[in-house]
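Listed below, chain by chain, are the residues.
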Amino acid sequence: MWLNNILETIGNTPLIKLNKITKELPCTVLAKVEYFNPGNSIKDRMALKMLEEAEKAGKIKPGGTIIEGTSGNTGMGLALAAVIKGYKCIFATTDKQSKEKVDILKAVGAEVIVCPTNVDPEDPRSYYSVAKRLPKEIPNSFHMNQYDNFANRQAHYENTGPEIWEQTEGKITHLVIATGTGGTITGTGQYLKEKNKNIQIWAIDVYGSLLKKYFETGEVDMKEVHPYITEGIGEDFVPANYDMSVIDRFEQVTDKEGAVMARRISREEGIFVGYSSGTALQGLMQLKNELKRDDLVVVIFPDHGSRYVGKVYNDQWMMERGFFDVKTFKDIVNTRVSKTLVTVEPNQTVAEAVELMRKYDIEHVPVMDGEGLAGAVSESGLFQKIFSNPEIKTATISSVIEPAYPVVSFDTPVERLGSLITKGNGAVMAKDESGNLHIVTKYDVIQSLVK
């Protein structure tokens, strides 16, 4: 048996039980893992549906151009459909989206216009405005407009909702979605509510979005809107795809909490997910006191972590935004089991230094003489020297000594340490309140941050 093209692989994604992160919850939690779609996101479903409906209505003709404003995933779904159906694609996106998303869209033949994030939707520079303007300038083109196109919600009513109902044998009690355009939560929620009106539909929003305030008050309050980093969810306007009557609860999550949780899902559950998946699960964890033993919760994980390797899964990016709990040199030292400083003296041999590195599983060793810090030796530096001259193992440390590591204050922020630890300088040092020296390497920083 074979499929006629890649579009026939869309849908029928698995439900996978979460076991570690959710062990404190009283109920079963299942993840609807949407990166099993060919474009690695849930947006494949509605992208194909929107294009098919546009074709039926004669809004786009063969050889035409698909235009859309996208955070990346809808664009990927449309681009795959365009490859199979013979259309061109032009996508407007924002400068806060990951480079990986832009590169992937280009890889499948799309033209991508990157627009500023921090402008109003009505601003001619916004990606909303650019996407609306282009169809007026390009013949035989059509703006899909995922925000107001009801084919978006219809795709989930016809496919996502029925899949979840069947996969849970109708036992689902809660659906949890980090929401943006409103299509997924409205379409899926409508279907499930028709099957069982008692199913709770929980929307997870991000701080900086106005959706939660609108849900609770019916007011579009622009004072709620401020820049946020989380990609693909939240809005600074209310898309037409929303039917707020379907939703039972809105919960907000910070940029930091969503990013940290995404990393936890990947490390603890082995499901390599994107930013909004972390936001969705974090939102559920914040509502854990409202769950009961017999509940069956489905959380939608919209996309794949590969689109965020330059951001959420980049330790430097996380550190620069203060998304790790460790704040200072002192905090890093306090997170380590052993605080003993391993050193060597200038008259010791290279072989002795190598043995210390092996014994304590370290890469950087300060060199101390009677007056204090005299320099340093590193695994990488010694490797290069031993590789070119094996006899150097019997030489003294003084003959291979490297510059001493910088000494900073014990309360130096992590962000500052990140700029001091470089390829040519693998560690920094500091004295504690008692005058004892400590060393922090790049490995120490990373280990303490991900705990």
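For the structure, check the block above.
Presented here is a report on the structure given in the accompanying data block. (Residues numbered from 1 in each chain as written. Predicted model: local features only at pLDDT ≥ 70, side-chain atom pairs only at ≥ 80, totals over all residues. Heavy atoms only, no water.)

This model, assessed by the stated rule, comprises 23 salt bridges. Because the salt bridges share partners, they merge into one network encompassing K32, E34, R45 and E163. (Salt bridge = Lys/Arg side-chain N within 4 Å of Asp/Glu carboxyl O.)

In this section: the pairing of strand β12 (residues 372-378). Along β12, five of the seven residues are buried, which leaves the element largely enclosed by surrounding structure. The pairing of strand β11 (residues 364-369) with β12 spans six bridges and is antiparallel. Along β12, the bridge assignment pairs D369 with G372. Turn length for the β11-β12 hairpin, with the two strands adjacent in sequence and antiparallel, is two residues. (Buried < 20%, exposed > 50% of the residue type's maximum accessible area, 1.4 Å probe, protein only. Helix = DSSP H or I, 4+ residues; strand = E, 2+ residues; numbered from the N terminus. Pairing = 2+ DSSP bridges.)

Taken together, the side chains of I6, V83 and I84 present a nonpolar region at the surface, about 240 Å² in accessible area. Following the sequence through the fold, I6 ends up in the segment before β1 (15-17). For I6, a relative accessible area of 37% translates into the label partly exposed. (Patch = residues over 30% accessible without salt bridge, like charges linked within 9 Å, V, L, I, M, F, W, Y side chains within 5 Å. Areas by Shrake-Rupley, 256 points an atom, 1.4 Å probe, with all protein chains shown as cover.)

Take helix α8 (residues 255-269) next. With 15 residues, α8 extends 21 Å between its outermost C-alpha atoms, agreeing within 8% with the 21 Å of an ideal straight helix rising 1.5 Å per residue. Among the residues making up α8, those that are buried are D255, G258, A259, M261, A262, R263, I265, S266 and E269. Just downstream of α8, G270 is the residue with a positive phi angle, here 75°. (Expected span 1.5 Å × (residues − 1).)

Looking at the secondary structure, you find A31 in strand β2 (residues 28-33). Along the primary structure A31 and F301 are separated by 270 residues, whereas in three dimensions their C-alpha atoms are 6.3 Å apart. Setting aside residues up to four positions removed in sequence, A31 forms contacts with P14, L15, I16, L18, V299 and F301. (Contact = heavy atoms within 4.5 Å.)

With that out of the way, let us pick up the nonpolar core. In terms of nonpolar packing, the biggest core is built from 53 residues, with L281, L284, F301, F329 and V440 touching the most fellow members. Ranked by residues supplied to this core, first place goes to helix α9 (residues 275-286) with five residues. For L284, the contacting residues outside a window of four places in its chain are L25, V29, V176, W202, I204, L291, V297 and V299. With 27 residues, the next largest nonpolar core counts M50, I66, V102 and A151 among its residues. (Core = buried A, V, L, I, M, F, W, Y, C linked by side-chain atoms within 4.5 Å.)

Now for unusual backbone geometry. With a phi angle near 65°, N40 is a residue other than glycine that sits in the positive phi range. Its location among the elements puts N40 in the loop between β2 and α1 (43-56). If you check the backbone angles, D361 has positive phi at about 55° while not being a glycine. Looking at the element boundaries, D361 is found in the loop between α12 (350-360) and β11.

What follows is about the pairing of strand β14 (residues 427-431). Taking burial as the measure, the five residues of β14 include four buried ones, the bulk of the element. This β-α-β element, strand β13 (residues 407-408) to helix α14 (residues 414-420) to β14, shows right-handed connectivity. Relative to strand β15 (residues 437-441), β14 is paired through five bridges, and the arrangement is antiparallel. From the neighbouring strand, A427 faces β15, where its bridge partner is T441. (Right-handed = clockwise from strand over helix to strand, strands pointing away.)

What follows deals with the side chain of S41. Within the secondary structure, S41 is located in the loop between β2 and α1. By relative accessible area, S41 is classed as buried at 0%. Residue contacts for S41: discarding those within four places in its chain leaves E34, Y35, N73, P302, D303 and R307.

Here we have four strands laid out as an open sheet, ordered β5-β4-β3-β6, and parallel in their pairing. Two strands in the sheet have a free side with no partner beyond their single neighbour: β5 (111-115) and β6 (141-143). Going from strand to strand, the sheet's axes swing by 15° on average, the running direction of each strand aside. Judged from the five bridges that link them, strand β4 (residues 88-94) and β5 form a sheet pairing that is parallel. Residue pairing in the sheet places F91 in a bridge with V112 of β5. (Axes fitted to C-alpha atoms, helices over the stretch in contact; angles between N-to-C directions.)

On to the packing of α1 against helix α2 (residues 73-85). Contact pair α1 / α2: the axes reach a minimum separation of 8 Å and the direction vectors enclose 50°. For the element pair α1 / α2, the angle class is oblique. Crossing angle aside, the handedness with which α1 passes α2 is right-handed. Facing K43, D44, M46, A47, L48, M50, L51 and E55 of α1, the residues of α2 in contact are N73, T74, G77, L78, L80, A81 and K85. (Parallel < 35°, antiparallel > 145°, perpendicular 65-115°, else oblique. Left-handed = near helix turned anticlockwise from the far one by under 90°.)

Attention shifts here to the sheet that holds β15. One open sheet accounts for three strands, arranged β13-β14-β15; its pairing is mixed. In this open sheet, the two strands that pair with only one neighbour each are β13 and β15. Pairing geometry for β13 and β14, over two bridges, is parallel. Note that in β14 the partner of V407 across the bridge is M429.

Treat this as a map of the structure, not an account of what it does.
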